[in-house]
Amino acid sequence: MEKIIAKIKEERPLVHHITNNVTVNDSANITLYWGGLPVMAYAKEEVAEMVEAASALVLNIGTLTADSVEAMLIAGKEANKLGIPIIFDPVGVGATTFRTEVALKILRELDIAVIKGNQGEISILAGQQGEVKGVEAVGEYKNIAETAQKLAKGQKAVVVVSGVKDIISDGDKVYQVSNGNNLMGQVVGTGCMLGSTLGVFCGVSSNYLEATLSAVTAYGIAGEKASKKATQPASYKVAFLDSISELSDEDLAREQQVEQVM
Amino acid sequence: MEKIIAKIKEERPLVHHITNNVTVNDSANITLYWGGLPVMAYAKEEVAEMVEAASALVLNIGTLTADSVEAMLIAGKEANKLGIPIIFDPVGVGATTFRTEVALKILRELDIAVIKGNQGEISILAGQQGEVKGVEAVGEYKNIAETAQKLAKGQKAVVVVSGVKDIISDGDKVYQVSNGNNLMGQVVGTGCMLGSTLGVFCGVSSNYLEATLSAVTAYGIAGEKASKKATQPASYKVAFLDSISELSDEDLAREQQVEQVM
Amino acid sequence: MEKIIAKIKEERPLVHHITNNVTVNDSANITLYWGGLPVMAYAKEEVAEMVEAASALVLNIGTLTADSVEAMLIAGKEANKLGIPIIFDPVGVGATTFRTEVALKILRELDIAVIKGNQGEISILAGQQGEVKGVEAVGEYKNIAETAQKLAKGQKAVVVVSGVKDIISDGDKVYQVSNGNNLMGQVVGTGCMLGSTLGVFCGVSSNYLEATLSAVTAYGIAGEKASKKATQPASYKVAFLDSISELSDEDLAREQQVEQVM
């Protein structure tokens, strides 16, 4: 976890995304602003070859189609074969049967390094009750730490539950990250960009729990810094992306608010 | 129409979009900035189920494909069955035979609540002469108020003709909205974002004429406010989106310039 | 080349794009900010008819699929028949066999006016050694002027190699443009937006070499101006797009740094 931001800027990990068409530009930009190299490639004819050069693969089902799911599985199997970490963002799982079936298929057929979702999405994947309206979690989730831990243990993955306070578990320990700013929830794409951020950080470290803790914390700190520059959503988004590009390991060490809760 | 903006922020209507890939991020953001919840879902396997949870459905043919048109018809029929209002944006109709045929098929097979287009697009749908170059109206349209009224009457829909002055008709009365700023025409996506805005406003009101008048007026006022903050297009777009997020019912009541013209 | 920017604003060339879904919004906006009219249309049912009204066609394989390649070939053949210039951006060629085969097929079946790529992409198309990681050139390219000249000669096209210094050749002469700013490489989409810019400029001139020299130079000057307004990437992108909209022929004449190198 030491000097991971500097390591990213030095190693420039290539992060292959198969993602939705709503926030794809944001995902590409944030990858570049951290110091990584984004590549978006979806054609089934090329995804296996493209992922070979990558340091991480981000799969995001925000605007899934039968074709993109096929490409995700092809790329994912190749990534697994080569030991390249897969970040999975099950956007909107639970909103439709199709999304839920696809998400469960991905978990069944691929070995995922990090699963990131909101409280509703993670609860549904963990087999608990959860409600997702469109792509937003609705309802209350009282035992989210246990839910995250259960999913992480079952999937042998690191699980991130994004929210006002983020929960992270490797199936054993559970951590809570308190960094962040509520303006982050008022801009489209902050969930997806966290997925890309996880790809960048896991692309330079083989300890996915540590890389995830650093990624989530650094992301939240950038959100805090941006809130000092802008308070309205569109301006805030620009300020947030600028903050990503200038965040340092020193900021991360100084500002992090991480505690183990289980 | 009373306090409709406050109602949006309270009810948080889910607006399901099947839209183009050029302005999809703008559409999602403006939906969220008004206080609604955007969801973009295109797979034919899920659109009927996704629209069930929605308060409005926005169909935009800006970058149509055979697959997306199929999804539009599936989602639209389900929306009709459930009484969920459909906003239809016939982007570029008249530019190609394919677009014209698709647009006419959508009007034939679906019951549309609000049709929004530029002068060329609306004229073509009304069976009048119109010229569309790419996705822009060219030429002069002298009797646009009558044209809008005719289309609205024939389709039993509210019709919005966007332009320097916007025309709105329910097939009986015709209104003109003078709010807005010419910088709005110098940014890609302001047409599409008006479609999303119509989805948000019609998602909290069963009086689609009143909701449309409020939506078009509020949108124009936000454009005016933004012009005091920025005068170049990319900065203006950020300012415009910021203005959306802070617009109030008081602004709407105070600044609206609506007159009945027929 | 005289007063080409004024000519664009007067003629408003329609630029038909078949491009990737990462930077499509940026491409549309920059086309509009120069004074052109963007249209993005991909359906094989309509691309031949859409391109008929266009002044230029931009083909960009950044997120190619079998369907989009089919549409590119249909539109391209129609453009060739009508004498409409095609700008080809072989994004990521060399990264996968599929991209390389598609790019070579496009060069074989279509008559391209301008080919634009980074050093790796152009080297690979020229049959030289080149390395592309994702969509970025890696490695060193010592004889890039000769490589560009060779490709231009073989394809009877103007070739642009984008980089810190841009290289332009028509197969005979070779020019170097020193305008630009290194922040341009730190934002996603500046390569694709240069492709759109070439479409706009070649859409109002039949001398593609001169139009290309003007386009690349004007683009670089806008990048320089923006660097005086912002130094972080997301803010810089907004400033850069604003600079495009206000750039004049006088700026171009005064600030251009072009030299013939071969």
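If you're wondering where the values come from, they're calculated on a predicted model, not measured in any experiment.

Cut-offs applied
Residues numbered from 1 in each chain as written. Chains lettered and ligands numbered in written order. Predicted model: local features only at pLDDT ≥ 70, side-chain atom pairs only at ≥ 80, totals over all residues. Heavy atoms only, no water. Least-squares fit on C-alpha atoms with pLDDT ≥ 70 in both. Contact = heavy atoms within 4.5 Å. UniProt positions renumbered as here; feature names shortened; annotations may be inferred. Helix = DSSP H or I, 4+ residues; strand = E, 2+ residues; numbered from the N terminus. Polar contact = N/O pair within 3.5 Å; in protein donor to acceptor, adjacent residues only side chain to side chain. Buried < 20%, exposed > 50% of the residue type's maximum accessible area, 1.4 Å probe, protein only. Salt bridge = Lys/Arg side-chain N within 4 Å of Asp/Glu carboxyl O. Phe/Tyr/Trp six-rings, centres within 6.5 Å; stacked < 30°, edge-to-face > 60°. Pairing = 2+ DSSP bridges. Axes fitted to C-alpha atoms, helices over the stretch in contact; angles between N-to-C directions. Buried area = accessible area lost by both parts, 1.4 Å probe. Nonpolar A, V, L, I, M, F, W, Y, C, P; charged D, E, K, R; others polar.

A. Quick look at the relation of the copies chain B and chain A. Take chain B, turn it by 120°, move it 0.0 Å along the axis, and it overlays chain A with an RMSD of 0.0 Å. Read as a symmetry element, the transformation amounts to a three-fold axis. No C-alpha of chain B approaches the rotation axis more nearly than that of B:Asn21, which lies at 3.8 Å. When the interface residues of chain B are mapped onto chain A, a mere 7% of them are again interface residues, pointing to distinct binding faces.

B. Looking closely at the UniProt feature "binding site: ATP" (unreviewed entry) in chain A. All names here are of chain A. UniProt records the feature "binding site: ATP" (unreviewed entry) for Lys-116 and Ser-162 in the present numbering. Annotated residues spanning 47 residues; largest pairwise C-alpha distance 7.2 Å, indicating a single compact cluster. Locating Lys-116 in the fold gives a position in strand S5 (residues 114-117). Discounting chain neighbours no more than four positions away, the residues touching Lys-116 are Phe-88, Asp-89, Pro-90, Ile-122, Val-160, Ser-162, Gly-191, Leu-194, Gly-195 and Leu-198. Side-chain polar atoms of Lys-116 contact the side chain of Asp-89, separated by 3.4 Å.

C. Representation of unusual backbone geometry. Here A:Lys156, not a glycine, exhibits a phi torsion of approximately 50°, which is positive. Examined against the element boundaries, A:Lys156 turns out to sit in the loop between helix H7 (144-155) and strand S8 (158-161). Non-glycine residue B:Arg12 carries a positive phi angle of around 50°. For B:Arg12, the position within the fold is in the loop between helix H1 (4-11) and strand S1 (14-18). Given a relative accessible area of 33%, B:Arg12 falls into the partly exposed group.

D. Representation of the interface of chain A and chain C. Across the boundary between the two partners, chain A contributes 28 residues, which contact 28 residues of chain C. At the boundary of chain A and chain C, one finds one salt bridge. Residues C:Arg99 and A:Glu46 are paired through a salt bridge, measuring 2.7 Å at the closest nitrogen-oxygen approach. At the boundary of chain A with chain C, the tally comes to twelve residue pairs in polar contact (both at pLDDT 80 or more). Contributing elements (two or more residues each) for the side of chain A that touches chain C: helix H2 (24-34), strand S2 (37-40), helix H3 (47-52) and helix H10 (233-246) of chain A. Top element by residues in the side of chain A that touches chain C is H2(A). It accounts for six residues.

E. Representation of the relation of the copies chain A and chain C. Overlaying chain A with chain C gives an RMSD of 0.0 Å, the required rotation being 120° about an axis along which the chain moves by 0.0 Å. Interface overlap between copies: only 7% of the residues of chain A at the interface are likewise at the interface in chain C, consistent with a contact formed by different surfaces.

F. Structural context of the environment of C:Gly189. Residues and elements named next belong to chain C. Tracing the chain through its elements places Gly-189 in the loop between strand S10 (174-177) and helix H8 (190-202). Residue Gly-189 is classed as buried on the basis of its relative accessible area of 9%. Separated by 164 residues in the primary sequence, Gly-189 and Asn-25 place their C-alpha atoms 9.5 Å from one another. Residues within four places of Gly-189 in sequence aside, it is in contact with Thr-23, Asp-26 and Tyr-219.

G. The packing of aromatic side chains, seen in detail. Residue and element names in this part refer to chain B. Here the structure, examined in full by the defined rule, presents nine aromatic pairs over all chains. Ring plane angle 15° and centroid distance 6.4 Å describe the contact between Tyr-236 and Phe-240, whose orientation is recorded as stacked. Of this pair, Tyr-236 and Phe-240 both sit in helix H10 (residues 233-246), four residues apart, which is roughly one turn of the helix. For Tyr-236, a relative accessible area of 1% translates into the label buried.

H. Main features of the pairing of strand S9 (residues 166-169) of chain C. Residue and element names in this part refer to chain C. Residue alternation in S9 divides its side chains into two sets, Asp-166 and Ile-168 and Ile-167 and Ser-169, and both sets are buried. Taken together, the three bridges between strand S8 (residues 158-161) and S9 define a ladder with antiparallel strand orientation. From the neighbouring strand, Val-159 faces S9, where its bridge partner is Ser-169. Here S8 folds back onto S9, and the loop between the two strands holds four residues. The pairing of S9 with S10 spans four bridges and is classified as antiparallel. Across the sheet, the residue bridging to Ser-169 is Val-174, located in S10. Connecting S9 to the antiparallel partner S10 that follows it, the hairpin turn spans four residues, and Gly-171 within it adopts a positive phi of roughly 100°.

I. Fine view of the sheet that holds strand S4 (residues 86-89) of chain A. Residue and element names in this part refer to chain A. With mixed pairing, the nine strands of this open sheet are ordered in space as S2-S1-S3-S4-S5-S8-S9-S10-S11. Strand pairing shows two members of the sheet lacking a second neighbour, S2 and strand S11 (258-260), which therefore form its edges. Across the sheet, the mean angle separating the axes of adjacent strands is 20° when strand polarity is ignored.

J. Structural detail: the interface of chain B and chain A. Taken residue by residue, the interface counts 28 residues in chain B and 28 residues in chain A. Summing both partners gives a buried area of about 2200 Å² for chain B against chain A, and 58% of it is carried by carbon and sulfur. The interface formed by chain B and chain A includes twelve residue pairs in polar contact (both at pLDDT 80 or more). Every element with two or more residues in the side of chain B that touches chain A is listed here: helix H2 (24-34), strand S2 (37-40), helix H3 (47-52) and H10 of chain B. Considering every element that reaches the side of chain B that touches chain A, the biggest residue donor is H2(B), with six residues. When grouped by side-chain class, the residues that make up the side of chain B that touches chain A number 16 nonpolar, four polar and eight charged.

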